[in-house]
Every structure is written in structure tokens, then in C-alpha cells.
Amino acid sequence: MKRERIRFDRTFMLGCLLLQILFCGSYSLAHGEPRPAGPFSGVMAPVTAHTTWLERDGAPTDIAAIAQTTDGFLWLGTPFGLYRFDGTQFASYPVTTLSTPLPSNDVTALLSDREGGLWIGYHAGGISHLRVNGAVESYSLASRLGPNSAQKFVYAADGTLWAIGDNHLYRFEANHWENFGNRSGLPDDPLLTLFIDRSGTMWTSTRGRLFSMKEGGGHFTPYPTQTFMVVDMAQMPDGEIWICDAWKTIRPLHPREGHRGWEINGYVRMAMENSGDLWLAQDYRGVTHLNWPHSSIALTKEEGLTSEQTNAIFADRDNNVWVGTSRGLDRFHSTQVKHLIHTRVEYYPEICAAPEGGAWIGILSEPIIFASHDVVRAVGTEVGSAPILCRDDGSVWMVDPLANKLTSWTHGRMARIALPPDVHLASAHAIGLDRDGALLMAFRPYGLWRFDGSWTRVVDAGLPQDEPLSIFRDSQRRVWLGYENGIIGLRDDSGSRTFVPTADSSLGNVLAFTVADGRVWAAGTNGASYFELGAFHRISLARSGVLRGVSGMVQDYAGNLWFNTGGGLYRILHAQLTSSLEQGLEYDRFDDRQGVEGTATQGDPTPSLVLDKAGPLWASTTGALLEIDPTQIMQTVTKPLLVMERLLLNGSVVGDREHPVSHIAFKGTSLKELEIDYSGVDLSAPEKIRYRYMLEGKDPSWQEVGDRRQAFYDHLSPGHYTFRVSESDDLGQWTDLTLPLSVVVQPAFYETYWFMLLMALAVIGILYLAYSLRVRIVTNALRLKMQERANERLRISRELHDTLLQSIHGLMLRFHFATNELPPDEPAREPLQLALQRADDAFLEARQRIELLRDEVPDEPHFNQQLFQMAQGLDIQSCLDFAVNEEGEPRVIVGKVQAELCRIAREALINTMNHAKATNARVSLIYSSSDLRMRCGDNGVGIPEEILKRRQRPGHWGLVGIAERVATIDGKLTIRSTGGAGTTLEIKIPARRAYRNDSTWCRILRYLNRRRDSVRSLDK
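These numbers were taken from a predicted model, which means no experiment stands behind them.

All right, on to the sheet that holds strand S36 (residues 405-410) then. Each strand in a sheet pairs with another by means of backbone hydrogen bonds, the pair being arranged parallel or else antiparallel. Within the open sheet, the four strands sit side by side as S34-S35-S36-S37. Their pairing is antiparallel. Since the sheet does not close on itself, it has two edges, and those belong to strand S34 (388-390) and strand S37 (413-418), each with one partner. Averaged over all pairs of adjacent strands, the angle between their axes in this sheet comes to 20 degrees, without regard to strand direction. Pairing geometry for S36 and S37, over six bridges, is antiparallel. Bridge assignment links Trp-409 to a residue of S37, and that residue is Met-414.

Following this line, the structure appears as C-alpha cells:
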């Protein structure tokens, strides 16, 4: 886990102290104020943020080299290998299985190339070039492509790469390292440093000598200066060159009059900020921050340094200074915030803005302090901690708890006024002005008191009886009082009244007021509100921001509104205040990374933030007094770069930073887990980065995941997906991954469209088969019922023939014999003969009906046999030649079809016998898999053409009946007739309609139905 701590520049300003003494003296002479009780050495100095990482945080030890590649990663070289740092996590190289191993672990030098790669020098093993695509190219003495070791790399302005290798000067050209020192005028002595200034001049040194070579030159010349051992060099923003002469001094190359540099004792390395401040890694003596020409400060282990043994120092592109030590890594960052040093600040300082500019500060057990333009002076004797007030006449007031008196400083003179007996020894936790300029003070637990030369307790029915926590008079001379539970009181021309908030709009303890753009604002432990239309309206912040513990609030001269809170300083820009305040307001937050140390008070003294007439903000926090220039304080300088760290499929790495992947495809059946690791590289404030991601095609919206840097997916359906990830920086601005990841999940064979189509067809086929089977079952059931009916009709016809008809026929014979016995002239003879005639007709009709009953039921299983029997019944063989022919394999015909065809054949043969004058007739049955055809033909005279067209002979209905019977069995009738050549009738019936299904399943079903019927018959 990362540890963060604030470290400060302890600036000793001799000139400032002299000015301070002169200023104090002149002020005392003019106003007759008392001299300070004792010497006061406090000064305002910039704050430096200091962060450390130790081995327990994942940091490597014995860091010997530091570099930063163009993607923002920090690279650390150690005797134990190469490490990469993104601001949060350390990763040892090779980072993944796709990375190419290095030829050696003992890294001594690092330098970023201009494409995002890294040059690596080893103690023994030559030089390697780690390209941005992950390829490693090595140059060593063994391969005759480079030196055996490397100590330092530098790039010239023209892109030429130089290095100190094996303590000599090398230049990289034509894909190898060439020893340049042998022909450049340099001695064979070991080189100690290598530096190229902004003019292109190259500098190097040996023991006791310094050399330079102009840009484009090919020869070094000794530089006329006396040195001992120049081990490092740097160039100021103004172009001045500084040298580190080991065990001697840090100084300009051309010493200035009156300052010969700083003495050092060791092998010191340098890094320079953009401001020109130098940072020195002093070998075994920690780190020194050098602010030329004002001050220097040494940081050791006591000040939080990971170790006093410093091995490497580096300034990154965000102006952070990194120091590698024997035990870890340190980061320093100079800020624009200043704080009071050389004076112990206890508890929370009390502050108020002076009307003429500057601020008055009260510090526990210190004299009251006046600060202006970085000059700090003490006035009077020690005071306690209590709120202070600056009146318009310049006088300063407070209730001094040490003296237990109301104390004032007016024109340099201090006065003390006794408190009323009722509040003796009570502390005052709020002070302000009444509408007429009198003092208002709140004493716990004695309520609100007024002092205008005499003491009066304020008893107002329109206000709460409790003492207020804060008192504020606005420009309209209205007095605002803040109480607990979000209650706010107001005293104005109309009297006094109280504003009681609802439960969800309460500010908690109301600790601060201000006026911004004509609106009165109130703030407290639960947020801030503005007064409009007779009520207070609470604000909200964008990006889920929360204002908590606000005890100070001011508007600067640019119109921006500032809040001193329990979580740092918040700033709302003026543009937000002029827009709708009902929406979430955008904001900037400043904390210890920008030098804002500590937290604001949550009680007294308040306010904890005031605006200096000269422009700065003065803030009171835990044990610190801060001076902030609102025009200079800045947040993150460089936008974090979002990179894809790793891409793992089922635990196997398929892509990383050096081997980026923009497209991945796999089968859905093989997916167990897809892991995507991403990182926003921010070396200044990585803990402020927030992430969101979305897999388009699966996630319905962005997934807000906070600081989590991994995404996991499993059970993805086949299809195309796009993975997008964004990061939010310190300013709340979202940055997307440059190249989104395309994910293609290939379907298994059973997930393809063709397989699904086949399955759909199979289901349809199965449903069709089930339907067909059901139809067949129903058809067979109906056929069985019809068969039962036919059997019953046969039985009835047999019974009628064998009993009734025979009995009637016998009775008729008796009547016939009896009638014949009567005399011819018997009157009864003729009626009886007529009755017998009618009985014969009825008997014939009954026989015909019985024959029809039998004709409707095919008794024979073969149709040709039934046709023969029908022809024999017509006695057709006695008058012409008749035959029945079959073609194809005979099949069982559906009973109804067979009966209708039999009647059609009967009608056709009767017509042939009665009208065709034919000598032969034929009935042909043609069986095929697609249909059943029956042809009835003769060689008679044929059918006249007009009758053939109308298909009806006047007064006859034979052809009409044949056509109707064909239609009932879904057949097709064709009649062909040629004069003198006979007539042919062809009936064509589809196979599905003509044939009875005799498959195995149907036989089984018929068998089961017969068994069921037999069981039912037994039950009966």
C-alpha cells in the first residue's frame, strides 16, 4: 500500500528576515504597538509533496537507473532486473509470457527512445534496445556490436544516440555501437559523465578534466576550468550550466560573484525542475532541494526518505522528481501552495482578512501574526486559540482564552476588556459584527452577547436561544447566524426570523457564510446552500462529488467560489455559478498532491478560509497555515494515457502493452474466462483515476468500476463485440482507449445458422410426420368404423335375403298357386293377379336394394375379382367379349375409392351393352407410385361429339353420375371417343387418396385396434 506524506521546503530567507525586521520596526514606530514578546522566525515557504514506496508496496530495492517512456510508464533499473511502474503497481520485466527476456538482470543505465521504446545498459552484458513492439535487440562485446557495459545514454538534437560504455564514448550508427572516443581527442581515462546542452554542445569529463565538443564537430577540447571529478551536469532555464564536482561543490560552470556554490561530500547526481530548482541525490546523505539563489534543504530518513543511500534521480515530464534508493522509491513534487514554517502551528490557526490587505493569524501559544506578501511578523504577547475579527477601521478583536478577556489591537495598541461576570471563564466560539457595527460574540453555553462599549445579552424571540456557531454580516448589513442542525437565523430591517431546513436539505452545523455574485451562501458539515427567493437551496456536485465539513468559503477576484472542507479545497468556477445551480456543478479539488495539507476545522475557530485584498487565499487546516494564489494553483499537468496491460483468454496471455491486440477471435465453446487488464498511466495522481468499460453487444451501458483495472467476461454468445474502456482524470474528463478491442466469438457447429435451419427443418419434419401419423391413425380409425358399418350392412343384407326375402318369395308362390287354382271367371282372380304383379315388383326392388348394400362393401381384397363378379352379375359375357387387365404391382385400394370405381365401371359397362353396339369391352387397372388409373374401353360406335362436349345425353344421366362419383374421390375424368373406333373413359386418382397405407406402423395400429375391439367385445 502506498504511503503519502507532505514535506516542505524549509526556506531560510536572510533578505526576507531583514525586510521583516525593518517592516516591524517601522510599523511599531508609526503606531506605537508593543514589540513581539520574543524572536519570531516564521516564514512562508512552498510546500513539496513527498510520496514513498517501499518493498512492502511492491517497489524494487537498489534502484540504479530511472527513465520514462513516451506512454508515461516509469522504468526502474536494478541489479535484480528491470521494473515498470504506472503510478500504482510495479511489474517485473518480462511482464508477460509474450515478452522477450533480457540478456542480463544487472541494469545500470536507461533512456527512452523517441518511439516509445527503451535503451537498456547492463553492468555486464552490453546494451539492449527494447522496442515498443516488444522486440529486444542486443549489442554486446561478444557479438562485436557494442561494449560490455553501459553507464549512461543521451540523445543529441539530430537524433544521434550517444553512450558511455566500458567508460568510453560510443555512438550508435549503422545498427552497431562504434567507439568514438579513440578518434575524438579524448584521453583513454575513464569517462565520468555525458551531457548535451540546448545549444548542441556535448560535455564529458575525466578525473580532473572537463571536455566539450561543439555541435557538428568531431573533436573534443579541454574546457578551461578547474575541477576535481565532474560526475553530473544540468542546464538552468536561462541557459546557465551547472556542474556537480564530486566531493567538492555544486556550482555554475561560471561561478557568480558572491556565491561559489554549495559544498558537497560524495558522489552526487542532479535533476532539475522546470522552475530551475535543483534536486541532488547525495550518495549516502539523502536528498537536497536547492532553490538557487535562496535556500537549500536536506531531506534524510528522519524526514520520511525511504533511505539515505540514494542511487538514481530523475525528473519526469510532469515535473515530478523521482529518487531511487537502496530501500525503495521516493517522489517529490513542488507546489504553488505556501505554508508557515519555522513556527510550530498547533490546533487550527484562526484567521481574518485585514481591510488594508494581508491577514491576521492567531496561533495557540504564539503572538498574533500579521502576514502580507510572504512577510510574516508577530505582534504583542502570546494568545490562545479563539476566533478573531477584523473591523473596517483596521482593529483586530478576539476573546483571548489565556487572559479570559476581550482583546483588541487598534493602531498598534493592545487593549483588554473584561468579560461580563455571567460568562466568566467561558470560551467564545464565534465573533462577528452586528448591523450597527457592534460586536457579537457567542459564548458556550451562555448564548449570544453584544458589545458596543458595554455588554448585553441578545434575547430575541425570533432566534433560537442556543448560541450560534458562526456570525456573518453581509454588504446590506444583514446579520446571518449559523446554528446546529442546519438552522439559520437572520437579523435585518424587518426584525429577526429563522430558517429551518428539511431533513434532506440540512447543512448540519452551519459554520460559514459568504456572498458570491450577490447571493448569500451558507455552508456546514453537510454541504453548502445559496439563498434565493426567501429560502436556502442546497447544491450538488457533478461526478458524485460531495462537500463535507465546510468551515470556510470565499469568492476570489475571478469570481470562482472556494470551499475549505474536510477533504481539501474545492473550487467551483464562476461559469458554473452563472448557470443553473439546480444541476450538479463541476468542480476542482485540491489536496495534498497540490500542497493543500491537513483538513479544515469542524468547529471553532471559523471561518477557516479568507480572501486577502491582495488576491491570495489564506486557509487554516490541521496544524498548518496555508497561502494559496488562486491564479497559480494547478492540477494534473499531463492527461493520463490509457493502455491495455494484458489480455488473457482462459488464463493464457494473448496480448500485452508490447504486443497490442485490436482483434481476437475464438469459439464460444472454448471460452472459460476472458480477462482484460487496463491501466491509466498517471505518475502524479493515479489514485484519482476512475474507470468505466463496456462490451458493446453484451453490456447495456457503461460499467462504472471505480479504480478497478480489470474486466472479466464468460459465457459470451456467438457474435461480434467491441470492448471500450475510459478513464476519468483529476479534472473529471473522460479519455477513451485509443484502439478499442474487437472480440469475435465464433459459433460451434450447433450454434451456426445452417445448423439451426436444419434443426428447424427437422422439427418441421417431425411435426409433419407426427401430423401424418395422426392423420393415418384417424383415417384407419375411420376405416375401421366404416368396415364395421360395412360388415353390419352385409349382415343385414344376408339376413334380409335369407329370411325376409325368402319368406316373402315363398308366400308369393303360395299366393300364385292359389290364384292359379281360381277359375278364370272368378272376380277375385284379376285383383289377386295385380297384387301378385306388384308384389313381384316390390320383391325385385328389394333384391336390388340388397344388392346395392352388398355393392357398397368390397367383399374381395382384390379389385379385379370384384370387377369380374360385377360383370358376371350383368351377364356381359353373353353379349360381348369382356376382360379385366392389371398393370403394375397391385396395391390395396381404399374401400370408398374401390366402391366408387366399381359403380363407375358398372355404369360404363351398362352403357356399352345398351348403346355402343360393341363386340368387346375392357377394364384396365394401372397401379403406380403416384396414382391409380382405371380405363373402361370398348370398340363400339363411340359417343357423338356434341354429347361428348356436354357430357350428357338428353334424358340420360349416366355420364353426369360418373363425373360426380369421380369428383367424390378427388379423381380426374378423361373421355376419349372416335367415331367408329370406340370410347375410352380414364379415371386418375392420386396415390395418397387411392391406396390404403399398409406400412408396418399402420399394421401395428390395426392390430392394436383389433385387440382393443376384441377386449371390448369380451367386456360386453
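Here the narrative resumes, following the displayed structure.
Turning our eyes to something else, we now look at the pairing of strand S11 (residues 152-155). With four bridges connecting them, S11 and strand S12 (residues 161-165) associate as antiparallel partners. Its bridge partner lying in S12, Lys-152 is registered against Ile-164. The loop that links S11 with its antiparallel partner S12 comprises five residues; one of these, Gly-159, has a positive phi angle of about 90 degrees.

According to the stated counting rule, one finds 32 salt bridges in the structure shown. We note a salt bridge from Arg-709 to Asp-86, for which the minimum N-O separation is 2.7 Å. With Arg-709 in the loop between strand S62 (703-706) and strand S63 (710-713) and Asp-86 in the loop between strand S5 (81-85) and strand S6 (90-92), the pair connects residues that are 623 residues apart, well separated along the chain. On the basis of relative accessibility, which here comes to 2%, the residue Asp-86 falls in the buried class. Of the charged contacts, one joins Arg-435 and Asp-493 as a salt bridge, the two residues approaching to 2.0 Å between their closest N and O atoms. Within this pair, whereas Arg-435 is found in the loop between strand S38 (427-433) and strand S39 (439-444), its partner Asp-493 is found in the loop between strand S44 (488-492) and strand S45 (495-499), the two being separated by 58 residues in sequence. Classification of Arg-435 as partly exposed rests on a relative accessible area of 28%. What makes Asp-493 exposed here is its relative accessible area of 71%. Connected through salt bridges with shared partners, the residues Asp-434, Asp-436, Arg-450, Asp-452, Asp-460 and Arg-491 form a single ionic network.

Reading the values: rules and limits
Residues numbered from 1 in each chain as written. Predicted model: local features only at pLDDT ≥ 70, side-chain atom pairs only at ≥ 80, totals over all residues. Heavy atoms only, no water. Pairing = 2+ DSSP bridges. Helix = DSSP H or I, 4+ residues; strand = E, 2+ residues; numbered from the N terminus. Axes fitted to C-alpha atoms, helices over the stretch in contact; angles between N-to-C directions. Salt bridge = Lys/Arg side-chain N within 4 Å of Asp/Glu carboxyl O. Buried < 20%, exposed > 50% of the residue type's maximum accessible area, 1.4 Å probe, protein only.

All quantities given are derived from atomic positions and should not be read as evidence of function.
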